[in-house]
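Remarks on the overall topology
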Amino acid sequence: MVKTILFLCFVALVICSHVAFAFDSAPLQDFCVADFKSSARINGLACKKPESVKAKDFFFRGLHLAGNTTNIFGVKGTPVAVDQIPGLNTLGISMVRVDYAPRGINPPHTHPRNTEILTVVEGSLLVGFVTSNPENRLISKVLDKGDVFVFPVGLVHFQRNVGLGNAVAIGAWNTQYPGVITTASNVFRSNTPIADEVLAKAFQVDQSIVDLIKSKV
Ligand SMILES: *[C@@H]1O[C@H](CO)[C@@H](O)[C@H](O)[C@H]1NC(C)=O
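Residues numbered from 1 in each chain as written. Predicted model: local features only at pLDDT ≥ 70, side-chain atom pairs only at ≥ 80, totals over all residues. Heavy atoms only, no water.

- The name that an unreviewed UniProt entry assigns to the chain is Germin-like protein, with the source organism given as Escallonia rubra.
- Here is the UniProt Sequence similarities (unreviewed entry) comment for the chain, exactly as written: "Belongs to the germin family."
- Per UniProt, the chain carries the Subcellular location (unreviewed entry) text "Secreted, Extracellular space, Apoplast". (UniProt positions renumbered as here; feature names shortened; annotations may be inferred.)

Structure (structure tokens):
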């Protein structure tokens, strides 16, 4: 009996470890600093010659600086991903500073390829994500300084500053370059718009309301 349980645990561990390595699998060299000039098309960016790599390829300065939140949402993200640190190429990790004006929101969006872990370093945020169909359950919490929350890969999530002053959060992603799908602009502001009739039926509203939203997002 005990042996059977141990065997099942072992099998579960092997299966889970395969799942865990499904994203950004282990690099095959010490590093692969991105060569932005290369036209090679691979899953990521081509590597610079290792002997030409310098400390600056692994370096970014300025995350202590507040982002400019003067915009309609009152939010500014300062990513530190492969575009900022070429040495992140193939390493499956990156980070971001997010500044929020009072009542600012980071509108509902998803990262199709990565999970996000976020900690509040100043202020208070209402955060949440929504599970997939058919449940569509909102999982939400107010975070204060030092609190940490996770947004699982692919799920729609948001943040709102619910404190009196500015808020600041630091997030991390298990990818060198997070893709972002902002729900409203993705659906209502696609390049070549989705036909009004499609959106009117999907949202069960008049086409005039679809046009109104299209003009704003
Ligand atoms: C912040 O952004 C706004 C809007 O783009 C701009 O008018 C303002 O000058 C910026 N402030 C700073 C300090 O850069």
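1. So, the packing of aromatic side chains
- Tallying each qualifying case throughout the model produces four aromatic pairs.
- Ring geometry for F188 versus F203: centroids 5.2 Å apart, planes at 45°, classification tilted. Placement of the pair is F188 in helix α2 (residues 183–188) and F203 in helix α3 (residues 196–203), with a sequence separation of 15 residues.
- For F188, a relative accessible area of 9% corresponds to the buried category.
- The exposure class of F203 is partly exposed, given its relative accessible area of 46%.
- These aromatic residues form a ring-pair network of at least three members: F129, F149 and F151. (Phe/Tyr/Trp six-rings, centres within 6.5 Å; stacked < 30°, edge-to-face > 60°. Helix = DSSP H or I, 4+ residues; strand = E, 2+ residues; numbered from the N terminus. Buried < 20%, exposed > 50% of the residue type's maximum accessible area, 1.4 Å probe, protein only.)

2. Digging into the UniProt feature "binding site: Mn(2+)" (unreviewed entry) in the chain
- Here the UniProt feature "binding site: Mn(2+)" (unreviewed entry) sits at H109, H111, E116 and H157. A maximum C-alpha distance of 11.9 Å places the annotated residues, which cover 49 residues in sequence, within one compact spot.
- Structurally, H109 is set in strand β3 (residues 105–110).
- Using a relative accessible area of 4% as the deciding quantity, one classes H109 as buried.
- Filtering out sequence-adjacent residues up to four positions away, H109 remains in contact with L155, V156, H157, V180, I181, T182 and T183.
- Among the structural elements, H157 can be located in strand β8 (residues 157–161).
- Its relative accessible area of 1% is what places H157 among the buried residues.
- Residue contacts for H157: discarding those within four places in its chain leaves P107, P108, H109, T110, H111, E116, G128, F129 and F151. (Contact = heavy atoms within 4.5 Å.)

3. With respect to the pattern of salt bridges
- Under the counting rule described, the total for this entry stands at four salt bridges.
- Its salt-bridge partner being D57, residue K48 comes within 2.9 Å of it at the nearest N-O pair.
- By relative accessible area, D57 is classed as buried at 2%. (Salt bridge = Lys/Arg side-chain N within 4 Å of Asp/Glu carboxyl O.)

4. Some remarks on the sheet that holds strand β5 (residues 125–130)
- Here five strands make up an open sheet; going across it, the order is β6-β5-β8-β3-β10 and the pairing antiparallel. For this open sheet the edge positions go to β6 (138–143) and β10 (181–182), each flanked by a neighbour on one side alone. (Pairing = 2+ DSSP bridges.)

5. Describing the packing of α3 against helix α4 (residues 207–216)
- For the pair α3 and α4, interaxial distance at closest approach is 9 Å and the crossing angle is 105°. The angle between the axes of α3 and α4 places the two elements in the roughly perpendicular class. Contact residues: α3 offers D196, E197, L199 and A200, while α4 offers Q207, V210, D211 and K214.
- Partitioning the contact of α3 with α4 into residue classes produces three nonpolar, one polar and four charged. (Axes fitted to C-alpha atoms, helices over the stretch in contact; angles between N-to-C directions. Parallel < 35°, antiparallel > 145°, perpendicular 65-115°, else oblique. Nonpolar A, V, L, I, M, F, W, Y, C, P; charged D, E, K, R; others polar.)

6. As for the environment of A169
- Inspection of the secondary structure assignment puts A169 in strand β9 (residues 167–173).
- The exposure class of A169 is buried, given its relative accessible area of 0%.
- Between the alpha carbons of A169 and L125 there is a distance of 8.8 Å; along the sequence they are 44 residues apart.
- Contact partners of A169, with chain neighbours within four places excluded, come to V96, R97, V98, Y100, L118, T119, V120, V121 and L125.

7. Structural notes on α3
- Within α3, the full set of buried residues consists of D196, L199 and A200. Along α3, the residues classed as buried sweep out an arc of 100° about the axis, all on the same side. In α3, those exposed residues whose orientation departs by more than 90 degrees from the buried face are E197, K201 and A202.
- Residues of α3 that are buried in the fold lie against α2 and α4.
- Count one or two residues on from α3 and you reach Q204, which has phi positive near 60°. (Arc of directions from axis to C-beta.)

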